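Here is how the chains run, residue by residue.
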Amino acid sequence: MSINLIDSFSEFKDMKSIDRPTMVRVLEDVFRTLIRKRYGADDNFDIIVSTVEGDLEIWRKREIVPNGEVEDERYQIAVSDALEIEEDYEVGEECYEQIEIIDFGRRAIMAARQTLISRILELEKDKIYKMYEDRVGILVRGEVHQVLKRELIVVDEETSVEVVLPKSEMVRGDFFRKGDMLRGVIKKVEMRNNTPIIILSRTDDKFLEKLLEQEVPEIEDGLITIKGVVRAPGERAKVAVESYDERIDPVGACVGIKGSRIHGIVRELRNENIDIINYTHNESLFIQRALTPALVTSVDLNSEKKRASVYLKPEEISKAIGKKGINIKLASRLTDYVIDVFRDSYEDEDYDVELDEFKDEIEEWVLNEFKAIGCDTARSVLALSTAELVRRTDLEEETITEVMKVLNSEFDSE
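Everything numeric in this text was worked out from a predicted model, so none of it was measured. (Residues numbered from 1 in each chain as written. Predicted model: local features only at pLDDT ≥ 70, side-chain atom pairs only at ≥ 80, totals over all residues. Heavy atoms only, no water.)

### Quick word on the overall build of the protein chain
From N to C terminus, the protein chain includes 16 helices and 16 strands. For 414 residues, the compact-globule formula gives about 22 Å, and the C-alpha radius of gyration of the protein chain, at 37 Å, lies well above that figure. If one aligns the C-alpha atoms of the protein chain with their principal axes, the spans along those axes are about 125 × 55 × 40 Å. In the protein chain, buried positions account for 42% of the 414 residues. When contacts within the protein chain are restricted to residue pairs at least 6 apart in sequence, those whose partners lie at least 24 apart make up 59%. Accessible surface computed for the protein chain: about 23500 Å², of which carbon and sulfur atoms make up 45%. Of the side-chain charges in the protein chain, 60 are positive and 90 negative, and the distance between the mean point of each set is 3 Å. (Helix = DSSP H or I, 4+ residues; strand = E, 2+ residues; numbered from the N terminus. Rg over C-alpha atoms; globule rule 2.2 N^0.38 Å. Buried < 20%, exposed > 50% of the residue type's maximum accessible area, 1.4 Å probe, protein only. Contact = heavy atoms within 4.5 Å. Areas by Shrake-Rupley, 256 points an atom, 1.4 Å probe, with all protein chains shown as cover. Lys, Arg positive; Asp, Glu negative; His and termini not counted. Charge placed at Lys NZ, Arg CZ, Asp CG, Glu CD.)

### Considerations on the environment of Ile 64
With respect to the helices, strands and loops of the structure, Ile 64 is situated in strand β3 (residues 55–65). Using a relative accessible area of 1% as the deciding quantity, one classes Ile 64 as buried. For the pair Ile 64 and Val 91, spaced 27 residues apart in sequence, the C-alpha to C-alpha distance is 5.0 Å. Setting aside anything within four residues of it in sequence, one finds Ile 64 in contact with Ile 77, Val 79, Ala 82, Tyr 89, Glu 90, Val 91, Gly 92, Glu 93, Glu 94 and Cys 95.

### Some words on helix α16 (residues 397–411)
When the terminal C-alpha atoms of α16 are compared, their 22 Å separation across 15 residues agrees well with the 21 Å that a helix rising 1.5 Å per residue should span. Along α16, the residues that are buried comprise Ile 400, Val 403, Met 404, Val 406, Leu 407, Glu 410 and Phe 411. Buried residues of α16, viewed axially, fall in a sector of 165°; they line one side. In this structure, α16 carries Glu 398 and Lys 405 as exposed residues pointing more than 90 degrees from its buried face. Elements that come into contact with the buried residues of α16 comprise β16 (338–343), α13 (364–372), α14 (378–382) and α15 (386–392). (Expected span 1.5 Å × (residues − 1). Arc of directions from axis to C-beta.)

### Observations concerning the packing of aromatic side chains
Working definition: an aromatic ring pair is given by the centre-to-centre distance plus the angle between the planes. Considering all chains together, one arrives at four aromatic pairs under this definition. On the basis of an interplanar angle of 40° and a centroid distance of 5.1 Å, the ring pair of Tyr 39 and Phe 45 is categorised as tilted. Among the residues examined, Phe 45 registers a relative accessible area of 2% and is labelled buried. Judged by centre distance (6.4 Å) and plane angle (85°), the rings of Tyr 39 and Phe 104 are edge-to-face. Of this pair, Tyr 39 sits in helix α3 (residues 20–39) while Phe 104 sits in the loop between β5 (94–99) and α5 (106–133), and the two are 65 residues apart along the sequence. Grouping residues by exposure puts Tyr 39 and Phe 104 together as buried. Sitting above the plane of the Tyr 279 ring, Lys 227 keeps its charged end 5.2 Å from the centroid. (Phe/Tyr/Trp six-rings, centres within 6.5 Å; stacked < 30°, edge-to-face > 60°. Lys NZ or Arg CZ within 6 Å of the ring centre and 35° of its normal.)

### Structural notes on a negative patch on the surface
A contiguous patch of negative charge on the surface is contributed by Glu 86, Glu 87, Asp 88, Glu 90 and Glu 93. Along the chain, Glu 86 turns up in the loop between α4 (79–85) and β5. We classify Glu 86 as partly exposed; its relative accessible area is 39%. (Patch = residues over 30% accessible without salt bridge, like charges linked within 9 Å, V, L, I, M, F, W, Y side chains within 5 Å. Salt bridge = Lys/Arg side-chain N within 4 Å of Asp/Glu carboxyl O.)

### Section: the sheet that holds strand β11 (residues 224–232)
Pairing is mixed in the open sheet, where three strands are placed in the order β11-β12-β13. Each edge of the open sheet is held by one strand with a lone partner, namely β11 and β13 (273–278). Shown here is a sheet whose adjacent strand axes are inclined to one another by a mean of 20°, direction ignored. In the sheet, strand β12 (residues 236–243) pairs with β13 via six bridges, with the strands oriented parallel. Bridge pairing links Ala 237 to Ile 274 in β13. In this fold helix α10 (residues 283–290) packs onto β12 and β13, with an angle of close to 160° to the strand it touches most, β13. (Pairing = 2+ DSSP bridges. Axes fitted to C-alpha atoms, helices over the stretch in contact; angles between N-to-C directions.)

### Quick look at the confidence of the model for the protein chain
Mean pLDDT over the protein chain stands at 88; residues scoring 70 or higher make up 92%. For residues 1–10, every residue scores under 50 in pLDDT, and the model assigns this stretch 26 contacts once sequence neighbours within four places are set aside. (pLDDT = per-residue confidence, 0-100.)

Put into structure tokens, the structure is as follows:
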């Protein structure tokens, strides 16, 4: 009797990620286990599987012997019994008998079904894990299937597999609804409770690299090489690029005419500022470029300790450091140097610094108190005594003392 697996095992026929030979092997293993339990051995049974039609046949092969001479029922059959199967069988021939599924009993069939489900699902999970393990770092596009408290469930457009985008891997300003399409890179693949979990990321450095590859044909063609990418997601990013063809300007190619290529990426990353810089093997020059938009006066390198002392004009220091120190941190990561920033030496004793240059270190409302009494620069504040400043402003002595320390440090000799 033909066993129709389309009805009994329909879950497996449509699993396209399981290849046909593997499916056949699993089905055979499950049914051979059934056969051994019922008949004691399976070496004289043939199992024929058609994964296309979903059919399976089981044939039992035994030697035909004269009546009364059967010594082992597993491998021998009496001629009278063989003739009931087929009329022209003779002693000495091999008898082929098709086994009907009902012979195994309802319980055994249900147990086999559960075993088959378990085996196939395990294979499916293993297949997905291996597939995505090879795709780590690859850009994927998918549809938001479910929005959870801490993550999004996204269906990969290419494979229809569900992947996870944690909120921690989303750029500040990212907001997606069910049905929205989004892009990200495969960051890692984990096994949790024997289930593969594919983690998607939009904050990983690799995401920006892959967006550039997609947007800039010269990168895809190998004419421009990305030498390094560092990001403070949603804030700022720095990308070092190089071209082996002197006719190609790598920075210009990445930015595009009037920013046509980079603008789309900036929008994707929620207005993340992206600095594209020319890579060079000259480490001093590379550090200078990495600190853009600041203009560096000079650089002293300690190559052994991977430390760089960078000197800038006073008005460039805040640019080099950047908001919350992001610019200098990214430059350090890109160049693999610890960067120390110093004010360039000067001879003019009248050198002064606007109070607004200290916004990263002193709260704005405090600076406004000094401006209200006509002190707009560091030296104008330092020219007054602490007692005088306490009297003329609404600031406490402790606050004024801390401010004086910060301002004095600007003029300390290096």
